[in-house]
Amino acid sequence: SLIFKSEHCLTVWNKSPKELRLAEPEPGCLVIWQFGNGTSGHCGIVRKVGKDKIETVEGNTSGLSSAVVREGDEVAIKLRSKAGSKTMKIVGYLKVF
């Protein structure tokens, strides 16, 4: 994959080739969130795409919360809004391969 390798989600977004960015999510792509207006983020792998929702697999999250949890203790399948949330906005989607 040409995706930039980093543990920092927003660095992955900013330094990956722009041609890997997708306007709409698709299964297998990465979804990148930004926490507020800061430099912290979160990412997941898109499993399924619906009209208004995406199903993701995310690490460092919590299966008990519907919110984007950045400091959780498990890998969980989550159902997320394509619009993001008040605290975590979707920066975009990256095609991994």
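Right above here is the structure, for reference.
Model, not experiment: these values are computed from the prediction.

Q: Can you tell me about the side chain of threonine 56, naming the residues and giving the values?
A: Note that threonine 56 resides in strand S4 (residues 53-61). Polar side-chain contacts of threonine 56 include one of 2.5 Å to the side chain of glutamate 58. The contact partners of threonine 56, leaving out residues within four places of it in the chain, are Val31, Trp33, Ile45, Val46, Arg47, Ala76, Ile77, Lys78 and Arg80.

Q: Any details on the pairing of strand S3 (residues 41-49)? Residues and values, ideally.
A: Within a regular beta strand, the side chains point alternately toward one face of the sheet and then the other, so they alternate between its two faces. Here strand S2 (residues 30-35) runs beside S3; their pairing, made up of 5 bridges, is antiparallel. Paired with leucine 30 across the bridge in S3 is isoleucine 45. Looking at chain direction, S3 and S4 are connected through 4 bridges and run antiparallel. Counterpart to valine 49 in the pairing with S4 is isoleucine 54. Here S3 folds back onto S4, and the loop between the two strands holds 3 residues.

Q: Can you break down the sheet that holds strand S5 (residues 74-81) residue by residue, with the values?
A: Pairing is antiparallel in the open sheet, where 6 strands are placed in the order S1-S6-S2-S3-S4-S5. Every interior strand has two partners, whereas the edge strands, strand S1 (21-22) and S5, have only one.

Q: Run through the packing of aromatic side chains, naming residues and quoting values.
A: Remark: the centre distance and the inter-plane angle together describe each pair of aromatic rings, the angle taken between the planes. Applying the stated criterion across every chain yields a total of 0 aromatic pairs. A cation over an aromatic ring shows up here: arginine 80 above the ring of tryptophan 33, its NZ or CZ 5.7 Å from the ring centre.

Q: Give me the pattern of salt bridges: which residues, what numbers.
A: Inspection of the entire model under this criterion finds 4 salt bridges. The shortest N-O distance in the salt bridge between glutamate 26 and lysine 95 comes to 2.5 Å. Of this pair, glutamate 26 sits in the loop between S1 and S2 while lysine 95 sits in the segment after strand S6 (88-94), placing them 69 residues apart in sequence. A salt bridge links glutamate 58 to arginine 80; its shortest N-O distance comes to 2.8 Å. Taken together, the positions of glutamate 58 in strand S4 and arginine 80 in strand S5 put the pair 22 residues apart, joining distant regions of the chain. With a relative accessible area of 4%, arginine 80 lands in the buried category.

What counts and what doesn't
Residues numbered from 1 in each chain as written. Predicted model: local features only at pLDDT ≥ 70, side-chain atom pairs only at ≥ 80, totals over all residues. Heavy atoms only, no water. Helix = DSSP H or I, 4+ residues; strand = E, 2+ residues; numbered from the N terminus. Polar contact = N/O pair within 3.5 Å; in protein donor to acceptor, adjacent residues only side chain to side chain. Contact = heavy atoms within 4.5 Å. Pairing = 2+ DSSP bridges. Phe/Tyr/Trp six-rings, centres within 6.5 Å; stacked < 30°, edge-to-face > 60°. Lys NZ or Arg CZ within 6 Å of the ring centre and 35° of its normal. Salt bridge = Lys/Arg side-chain N within 4 Å of Asp/Glu carboxyl O. Buried < 20%, exposed > 50% of the residue type's maximum accessible area, 1.4 Å probe, protein only.

So, to be careful, I would describe these as geometric facts and stop short of saying anything about function.
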